[in-house]
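Tertiary structure, described
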Amino acid sequence: MNKTPTLVASRPLLPPEGAVPPKGGLSAEHSTKQSPQEILLAEPRGFCAGVDRAIEIVERALAKFGAPIYVRHEIVHNTYVVNDLKTKGAIFIEELSDVPPGATLVFSAHGVSRTVQDEARARGFQIFDATCPLVTKVHVEVAKLHKEGYEFIMIGHKGHPEVEGTMGQLDSGIHLVEDVADVARITPAQTERLAVVTQTTLSVDDAAEITAAVKARFPQVRSPKMQDICYATQNRQDAVKVLSPQVDILIVVGSPTSSNSNRLRELAAKLGTEAYMVDDASELKEAWFEGKGRVGLTAGASAPEILVKQVIDRIKALGAVSVRKMDGVEETIKFPLPKGLKLDAQGHQIEVSDSQLHQLS
């Protein structure tokens, strides 16, 4: 078994003290040009460890068992990734009744409710769980505290599959809040034992604001030992906070269904930077770049680097002459695969427990 990997601790990516870069960072002469001159790449960007693991689970299942492999919900929220796996033999479904008896089924990276887990087992499918271990960590915490008599306030977006999966760990006693106003409306059965959990892909700042409102109304509420928002989400948002003041426009590569990608665009806009999110290079509009000297570019945690490269090529075609990568946090974590799919260095199959969750610091 591989040694438990470590993650470089996430840290705010801030400019040197006292150094506030001018908007766009270019001379007035350059800022009036009718085409972009430079692309500044966010670091880190793109795939996180949970997305890498989820895609690899589907690909290895296809390699071992052959097509088709059924996947409940999009394995990750990215159009390119989903379409690529479809060409390899993955079939994406929402209802388990659409999966034939004896088939191999993969749960998506967002996690599923206990009802879905129980039904899948009852139907006799061969199951591989691609739920991100950081989402599983939230599920484990909910189950543990529920046994101790806790109710929960979950901060997240209604209808998102991760939220449905986490809330579906319990039959009752978990209350969803999407914003500060919702905090005043919830009516837990008791307030002595309340705990907060969050969707892992939220805006760090928004989650902090809502959590503060929860604590103001319920001073005894229990917070997670470690924040539920994942390291990759925070690192990409920190990078955008540094990047935004240095560029005239920010492009986020990500699909409309990707929560963490949407948060990156929203964050840049809140910081006063014109920002757009695109699924791929074909969605770029030339008019966006008129008069924009420096272009910032990042990608959500479910967007592959090939899409970033295609966007770079398109912006270069519009006039950009240089590409520069900003400094940022190095992400080194890698999550283990489920039993039955992991291979050793010689390509032999080995068994690894998927219940071993890494402690992030």
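Read on for an overview of the structure. Just so it is clear, the structure is predicted and the values come from calculations on it, not from any experiment.

**Here we look at the sheet that holds strand S10 (residues 274-278)**
- If you walk across this open sheet you meet the 5 strands as S10-S9-S11-S1-S12, and the pairing is parallel. Each having just a single partner strand, S10 and strand S12 (322-325) make up the two edges of the open sheet. Adjacent strand axes in the sheet meet at a mean angle of 25 degrees when their direction is disregarded.
- Bridge count for strand S9 (residues 249-253) against S10 is 5 bridges, and the pairing is parallel. Its bridge partner being in S10, isoleucine 249 is matched across the sheet by glutamate 274.

**With respect to the pairing of strand S11 (residues 294-299)**
- Here S11 lies mainly inside the structure; 6 of its 6 residues are buried.
- Burial of S11 is two-sided: the residues Arg294, Gly296 and Thr298 facing one way and the residues Val295, Leu297 and Ala299 facing the other way are all buried.
- Where strand S1 (residues 38-41) lies against S11, 4 bridges are found, and the strand directions are parallel. Considered in S11, the bridge of leucine 40 is made with glycine 296.
- As paired elements, S9 and S11 share 5 bridges and run parallel to each other.

**Side note on helix H3 (residues 79-88)**
- Of all the residues in H3, the buried ones are Val81, Val82 and Leu85. Seen along its axis, H3 keeps its buried residues to an arc of 95 degrees; they face one direction.
- Here the buried face of H3 lies against helix H2 (49-65) and strand S3 (90-93).
- Its side-chain oxygen placed 3.1 Å from the backbone nitrogen of tyrosine 80, asparagine 78 serves as the N-cap of H3.
- Taken from the residues just after H3, glycine 89 is the one with a positive phi, measuring 120 degrees.

**Overview of unusual backbone geometry**
- Note the cis peptide between glutamate 43 and proline 44, where omega equals 5 degrees.
- With respect to the helices and strands, the residue proline 44 is situated in the loop between S1 and H2.
- Cis geometry marks the peptide bond from alanine 67 to proline 68; its omega dihedral reads 0 degrees.
- Structurally, proline 68 can be placed in the loop between H2 and strand S2 (69-72).

**Details of helix H9 (residues 231-243)**
- Along its 13 residues, H9 runs 18 Å from first to last C-alpha, staying within 8% of the 18 Å computed at 1.5 Å per residue.
- Among the 13 residues in H9, 12 count as buried, and that is most of the element.
- Residues of H9 that are buried include every one of Tyr231, Ala232, Thr233, Gln234, Asn235, Arg236, Gln237, Asp238, Ala239, Val240, Val242 and Leu243, and no others.

**Describing the environment of phenylalanine 218**
- Among the structural elements, phenylalanine 218 can be located in the loop between helix H8 (204-217) and H9.
- As for phenylalanine 218 and alanine 195, which are separated by 23 residues in sequence, their C-alpha atoms are 9.8 Å apart.
- Once you skip the residues sitting within four places of it in the chain, phenylalanine 218 turns out to touch Ile153, Ile186, Pro188, Thr191 and Leu194.

**So, the packing of H9 against helix H10 (residues 259-270)**
- Contact geometry of H9 with H10 gives a least axis separation of 10 Å together with a crossing angle of 25 degrees. Judged by the inter-axis angle, H9 sits roughly parallel to H10. Handedness of the crossing formed by H9 with H10: right-handed. Taking contact as the criterion, the partners of Thr233, Arg236, Gln237, Val240 and Lys241 in H9 are, on H10, Asn260, Arg263, Leu264, Leu267 and Ala268.
- Here the contact of H9 with H10 is composed, by residue class, of 4 nonpolar, 3 polar and 3 charged.

**Describing the nonpolar core**
- Of all hydrophobic cores here, the largest spans 33 residues; its most connected members are Val58, Ile75 and Val106.
- A total of 8 residues in this core trace back to one element, the largest contributor, which is H2.
- The residues contacting valine 106, other than those within four sequence positions of it, are Ile57, Val58, Ile69, Tyr70, Val71, Arg72, Ile75, Phe128 and Ala130.
- Membership of the second largest hydrophobic core comes to 21 residues, among which are Ile39, Ile249, Ile251 and Val295.

Here is what the cut-offs are and how they apply
Residues numbered from 1 in each chain as written. Predicted model: local features only at pLDDT ≥ 70, side-chain atom pairs only at ≥ 80, totals over all residues. Heavy atoms only, no water. Pairing = 2+ DSSP bridges. Helix = DSSP H or I, 4+ residues; strand = E, 2+ residues; numbered from the N terminus. Axes fitted to C-alpha atoms, helices over the stretch in contact; angles between N-to-C directions. Buried < 20%, exposed > 50% of the residue type's maximum accessible area, 1.4 Å probe, protein only. Arc of directions from axis to C-beta. Contact = heavy atoms within 4.5 Å. Polar contact = N/O pair within 3.5 Å; in protein donor to acceptor, adjacent residues only side chain to side chain. Expected span 1.5 Å × (residues − 1). Parallel < 35°, antiparallel > 145°, perpendicular 65-115°, else oblique. Left-handed = near helix turned anticlockwise from the far one by under 90°. Nonpolar A, V, L, I, M, F, W, Y, C, P; charged D, E, K, R; others polar. Core = buried A, V, L, I, M, F, W, Y, C linked by side-chain atoms within 4.5 Å.

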